[in-house]
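The lines below spell out each chain.
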Amino acid sequence: MEHIINPLYKKKESIEKLQKAWNAKEIFPHLLLTKVFPQGIYKQKEKELHKLFFKRESRPDRYSYAIAKASSLHIFDNKELQEFISVIIGKKVKNILGDALYFSWKDYTLLSKEQERNTIDVIFDFTPDWKEEYGGSLIYKDEKGKYVKFMGLPNTMILIERKNAQSYIQYVNNFAKGKKRYLLMGETNMKTLNFLVHER
């Protein structure tokens, strides 16, 4: 089993803090973990990510981005990652499906009713030197209009429960010309999760 999680996050006290934070969110459960990979692993995965074959896809009323298969990176299918997430959320994660995407100038996604399903989203950000003024923030919004916003930040993992919520990527404007926001975007269906019993 390849070890890809920063060992600092696997300490007992770190796990307990993450569990508490996951269960304490007022809007919907979510976490953002910085420096989630050891630096050597991050640089390796970043290099592999940039070598993927990205295909442009666009549907003006829905989205514009470049997408590639992420299976060769062996992140979503990593057993250590799945076990780590399982302990944090208190449910057994068996399968995470996802793709690699990048967003550059004029790219975006829009809110869609098709997103209204219960999942745990697992997202990795591989975006260096990204500024808020570029746009391209990842936003989750619930039915009451409450939202959480994630700006570009390298070597981070976002865990978020998409329950009665939708997400979108803000329009990437001309200030970002020449730059790309790289994301691995995965999800695990809530129906496939089994509850765990762990000490609190």
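Preceding this section is the structure that the text describes.
The structure contained in this document is the topic of the report that follows. (Residues numbered from 1 in each chain as written. Predicted model: local features only at pLDDT ≥ 70, side-chain atom pairs only at ≥ 80, totals over all residues. Heavy atoms only, no water.)

## Considerations on helix 3 (residues 79–89)
In step 1: Of all 11 residues that make up helix 3, eight are buried, and the element is covered over most of its length.
In step 2: Listing the buried residues of helix 3 in full gives Glu-80, Leu-81, Gln-82, Phe-84, Ile-85, Ser-86, Ile-88 and Ile-89.
In step 3: Contact partners of the buried residues in helix 3: helix 1 (12–24), strand 1 (30–34), strand 4 (91–92), strand 7 (119–125) and strand 10 (156–162).
In step 4: Backbone nitrogen of Glu-80 and a side-chain oxygen of the N-cap are separated by 3.0 Å at the start of helix 3; the cap is Asn-78.
In step 5: Backbone geometry just after helix 3 places Gly-90 at a positive phi near 75°. (Buried < 20%, exposed > 50% of the residue type's maximum accessible area, 1.4 Å probe, protein only. Helix = DSSP H or I, 4+ residues; strand = E, 2+ residues; numbered from the N terminus. Contact = heavy atoms within 4.5 Å. Polar contact = N/O pair within 3.5 Å; in protein donor to acceptor, adjacent residues only side chain to side chain.)

## A word on the layout of surface pockets
In step 1: Taken as a whole, the second largest pocket spans an internal volume of roughly 180 Å³.
In step 2: Along its surface, the second largest pocket is lined by Glu-26, Ile-27, Phe-28, Pro-29, Asp-142, Glu-143, Lys-144, Lys-146, Glu-161, Lys-163 and Asn-164.
In step 3: Considering only residue class, the lining of the second largest pocket consists of three nonpolar, one polar and seven charged. (1 Å grid on protein atoms, 1.4 Å probe; cavity = no way out; pocket = protein on both sides within 12 Å on 5 of 7 lines; lining within 4 Å. Points joined across faces, edges and corners; volume = space filled by probe spheres on them. Nonpolar A, V, L, I, M, F, W, Y, C, P; charged D, E, K, R; others polar.)

## Here we look at unusual backbone geometry
In step 1: Phi at Asp-129 is positive, roughly 55°, even though this residue is not glycine.
In step 2: If you trace the backbone, Asp-129 turns up in the loop between strand 7 and strand 8 (138–142).
In step 3: Of note in the backbone geometry, Asn-155 takes a positive phi value of approximately 55° without being a glycine.
In step 4: On the secondary structure map, Asn-155 appears in the loop between strand 9 (147–150) and strand 10.

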